[in-house]
Amino acid sequence: MEFGWRDEDADFRSQLKEFVTDELPERWSDLIPGEEPASDFILGFCRKLGDKGWLTPHWPVEYGGAAGSPWQFIILGEELWSAGEPRGSQYMNVNWIGPAIINAGTPEQRDYHLGRISRGDVFWCQGFSEAEAGTDLANMRTSAVRDGEEYIINGEKLWTSYAGEAEFCFVLARTDPESTGNEGISIFLVPTDTPGFAIEPIPSVLDIHEFNRLTFTNVRVPAATRLGPENSGWKVVREALSHERIGGPRYARAALVTGRLRRIADERGWLDRDGIKTRLAEAEASCEAAKLLVYQAIHARSCGRSENLEVSLARVAIVRCERVVADLALQMFEDESIERGSMGNSQLKTSMIAGLGGGSVEVQLNMIARSLLGAVGR
Ligand SMILES: Cc1cc2nc3c(=O)[nH]c(=O)nc-3n(C[C@H](O)[C@H](O)[C@H](O)COP(=O)(O)OP(=O)(O)OC[C@H]3O[C@@H](n4cnc5c(N)ncnc54)[C@H](O)[C@@H]3O)c2cc1C
């Protein structure tokens, strides 16, 4: 692939870099994306980005974007991700919740939600996974039953990231009780302060990430909160997930960590120890490979082509580069890596999150096999 940035994209990146340098306190460069998911600082930072049209530069103008190219979406992600992700959990709104509302929302839903997202005013969370429905999301049981102009939602969601700070939840629920699999599922845009909606934090070894259990007990929502046609939520979700899978350019931060590891190895005279030089090169190459595969997916998107295969390949490469960098950090720092906050410890947890959050990497391998080889899993 021959690759060069267009002038407007290169300008966008350099202005963004300058903005990040001016606006972000020094301590952010040591934060792991997600470590500070929601705060007054994040709201202030995102509002400043929103004022410049830089929170959603790739969205259409009428929805609060600047009609920029899909490349600006990835430039934004790369710059902010490697700076500790100062959008906090708002990355979800920008990457896939907003686009899902653009695709499937009513004019009222678009008017209300997209402006708030593009101005940086609101945190959302994602209510998909359940106890028996993670990889096999189509196994979900949470139900929504129509009652006049309302739906009544009952059920439980697990592993919901950053729900404690969220004002809305993007909820999947089964609206056809007779249905199985991907059929009969609808999406609801549910305010988290609706009576019957309970949030309970789940402690986890991934202490850099906040998980929650959501319980829905006779949660009544207006029918107007349903996104898209009844029983047809799956199509909207599939597209949203494709945006989610490459929405966090983790390779940008992994490359930054690799650069730090190289400097430390050099300073401490470790480059000739235990193949560290080779493993550093392997880590650098993995980050570069992940970046190029993401660029291929963005290229497919910008040409209006199906991007499913490219997205799966890119996601696997992203997880691999996180893991290669984690292995290297663990090897270099050995016992020090046990300490919370150390580079080895943090990178290990980051790589664990990468392999499961947004769907497990093994499932992406299945999808690649199906796409390239045909019959796997049938
Ligand atoms: C950091 C993080 C953040 C998350 N945030 C959210 C959130 O905000 N909202 C939300 O709804 N969910 C969230 N999740 C949940 C996440 O989507 C699920 O963990 C994921 O889909 C896997 O489901 P599971 O945990 O039930 O594992 P399982 O589906 O039980 O899978 C367990 C293991 O088996 C493997 N496996 C399962 N089926 C197959 C198969 N067919 N072929 C090969 N291997 C297979 C998987 O790859 C995995 O390694 C988050 C998870 C993490 C780790």
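Sequence positions are assigned chain by chain, starting from 1 and proceeding in written order. In view of the model being predicted, local features appear only for residues whose pLDDT reaches at least 70, and side-chain atom pairs are presented and counted only at 80 or more, with totals across whole chains, interfaces and linings using the full set of residues. The basis for every side-chain value is the complete set of heavy atoms in the structure, and neither hydrogens nor water enter the calculation.

In the nomenclature of an unreviewed UniProt entry, the chain corresponds to Putative acyl-CoA dehydrogenase from the organism Rhodococcus wratislaviensis NBRC 100605. UniProt positions are given in the numbering used here, feature names are shortened, and annotations may be inferred rather than shown by experiment. For the record of the chain, the UniProt heading Cofactor (unreviewed entry) holds the text "FAD". Under the UniProt heading Sequence similarities (unreviewed entry), the entry covering the chain gives this text: "Belongs to the acyl-CoA dehydrogenase family."

(A) Broad picture of helix 11 (residues 361–373). Elements are defined by DSSP. Helices are runs of H or I of four residues or more, strands are runs of E of two residues or more, and each kind is numbered from the N terminus. Multiplying 1.5 Å by the residue count of a helix minus one yields the expected span of that helix. Over its 13 residues, helix 11 runs 18 Å from end to end, which matches the ideal 18 Å to within 8%, given 1.5 Å per residue. Throughout, exposure labels follow a simple rule: accessible area from a 1.4 Å probe, protein chains only, divided by the maximum for the residue type, with under 20% read as buried, over 50% as exposed, and the rest as partly exposed. All of the buried residues in helix 11 are Val361, Gln364, Ile368 and Ala369. Summarising the axial view, the buried residues of helix 11 lie within an arc of 145°, below the 170-degree limit, and thus occupy one face. We call two residues in contact whenever any of their non-hydrogen atoms come within 4.5 Å of each other. Those residues of helix 11 hidden inside the fold are in contact with helix 6 (233–245), helix 9 (308–333) and helix 10 (343–356). To be clear, the arc concerns the directions from the helix axis to the C-beta atoms.

(B) Broad picture of the site of the ligand. With respect to spatial proximity, 18 residues lie near the ligand, and among them Ser129, Thr135, Ser161, Ser360 and Glu362 are the closest. Gln126 places a main-chain nitrogen or oxygen 2.7 Å from a nitrogen atom of the ligand. The separation between an oxygen atom of the ligand and a polar side-chain atom of Ser360 is 2.6 Å. Computed with the Shrake-Rupley method and a 1.4 Å probe, the accessible areas treat only the protein chains shown as cover for residues. Its free accessible area being 960 Å², the ligand has 67% of it covered by the protein chains. When we say a residue is near a molecule or strand, we mean one of its heavy atoms is within 4 Å of it. Whenever two N or O atoms come within 3.5 Å, that pair is a polar contact, provided that in protein one can donate a hydrogen and the other can accept it, and provided that, for residues adjacent in sequence, both atoms are side-chain atoms.

(C) Main features of the UniProt feature "domain: Acyl-CoA dehydrogenase/oxidase N-terminal" (unreviewed entry) in the chain. Under the present numbering, the feature "domain: Acyl-CoA dehydrogenase/oxidase N-terminal" (unreviewed entry) in UniProt falls on residues 7–121. Structurally, residues 7–121 is divided into 60% helix and 0% strand, and its ends, taken at the C-alpha atoms, are 30 Å apart.

(D) Examining the pairing of strand 4 (residues 168–174) more closely. Buried residues dominate strand 4, accounting for 7 of its 7 residues. Neither face of strand 4 is exposed, since Phe168, Phe170, Leu172 and Arg174 on one face and Cys169, Val171 and Ala173 on the opposite face are all buried. By the bridge criterion, 4 bridges tie strand 1 (residues 124–127) to strand 4 in an arrangement that is parallel. The residue of strand 4 that forms the bridge with Trp124 is Phe168. At least two bridges found by DSSP between two strands are what make those strands a pair. Bridging between strand 4 and strand 5 (residues 185–191) involves 7 bridges; their strand directions are antiparallel. Following the sheet pairing, Cys169 is matched in strand 5 by Val190.

(E) Structural detail: the pattern of salt bridges. Salt bridges are counted wherever a side-chain nitrogen of Lys or Arg sits within 4 Å of a carboxyl oxygen of Asp or Glu. This model, assessed by the stated rule, comprises 23 salt bridges. Across the salt bridge formed by Lys48 and Glu23, the nearest N and O atoms sit 2.8 Å from each other. One end of the pair, Lys48, is in helix 2 (residues 40–51); the other, Glu23, is in helix 1 (residues 7–23), and 25 residues separate them in sequence. Among the residues examined, Lys48 registers a relative accessible area of 39% and is labelled partly exposed. With a relative accessible area of 26%, Glu23 lands in the partly exposed category. Between Arg301 and Glu307 there is a salt bridge, with the nearest N and O atoms lying 2.8 Å from each other. Residues participating in the shared-partner salt-bridge network are Arg13, Lys17, Glu78 and Glu79.

(F) Seen up close, the domain arrangement of the chain. Start and end positions for the domains come from either an automated domain assignment or a database one. For the chain, the domain assignment lists domain 1 (7–122), domain 2 (126–231) and domain 3 (249–373). Each of domain 1 and domain 2 was reduced to a C-alpha centroid, and the two centroids are 25 Å apart. Summed over both partners, the accessible surface that disappears when two parts come together, traced with a 1.4 Å probe, is what is meant by buried area. Note on domain 1 versus domain 2: buried area summed over both sides is about 1400 Å², and carbon and sulfur give 72% of it. The interface formed by domain 1 and domain 2 contains 1 salt bridge. Among the salt bridges present, the one from Glu167 reaches Arg116, with a minimum N-O distance of 2.7 Å. On inspection of domain 1 and its partner domain 2, the count reaches 3 residue pairs in polar contact (both at pLDDT 80 or more). Secondary-structure elements contributing two or more residues to the side of domain 1 that touches domain 2 are helix 4 (90–104) and helix 5 (107–119). With 7 residues, helix 4 is the largest single contributor of residues to the side of domain 1 that touches domain 2. Counted by class, the side of domain 1 that touches domain 2 contains 12 nonpolar, 5 polar and 3 charged residues. The nonpolar class holds Ala, Val, Leu, Ile, Met, Phe, Trp, Tyr, Cys and Pro. Asp, Glu, Lys and Arg form the charged class, and all remaining residues, Gly among them, are polar.

(G) Examining the packing of aromatic side chains more closely. Centres within 6.5 Å are what make two rings of Phe, Tyr or Trp a pair, Trp counting through its six-membered ring; a difference in plane orientation under 30 degrees is then read as stacked, over 60 as edge-to-face, and the rest as tilted. Tallying each qualifying case throughout the model produces 18 aromatic pairs. Ring centres 5.9 Å apart and planes at 90° place the aromatic pair Trp5 and Trp71 in the edge-to-face group. Within this pair, whereas Trp5 is found in the segment before helix 1, its partner Trp71 is found in helix 3 (residues 70–81), the two being separated by 66 residues in sequence. Judged by its relative accessible area of 12%, Trp71 is buried. Look at Tyr151 and Phe188: their rings are 4.8 Å apart centre to centre, the planes differ by 65°, and that puts the pair in the edge-to-face class.

(H) Region of interest: the pairing of strand 2 (residues 143–147). Pairing between strand 2 and strand 3 (residues 150–157): 5 bridges, direction antiparallel. Across the sheet, the residue bridging to Asp147 is Glu150, located in strand 3. Linking strand 2 back to strand 3 in an antiparallel pair, the connection comprises 2 residues, with Gly148 at a positive phi of about 65°.

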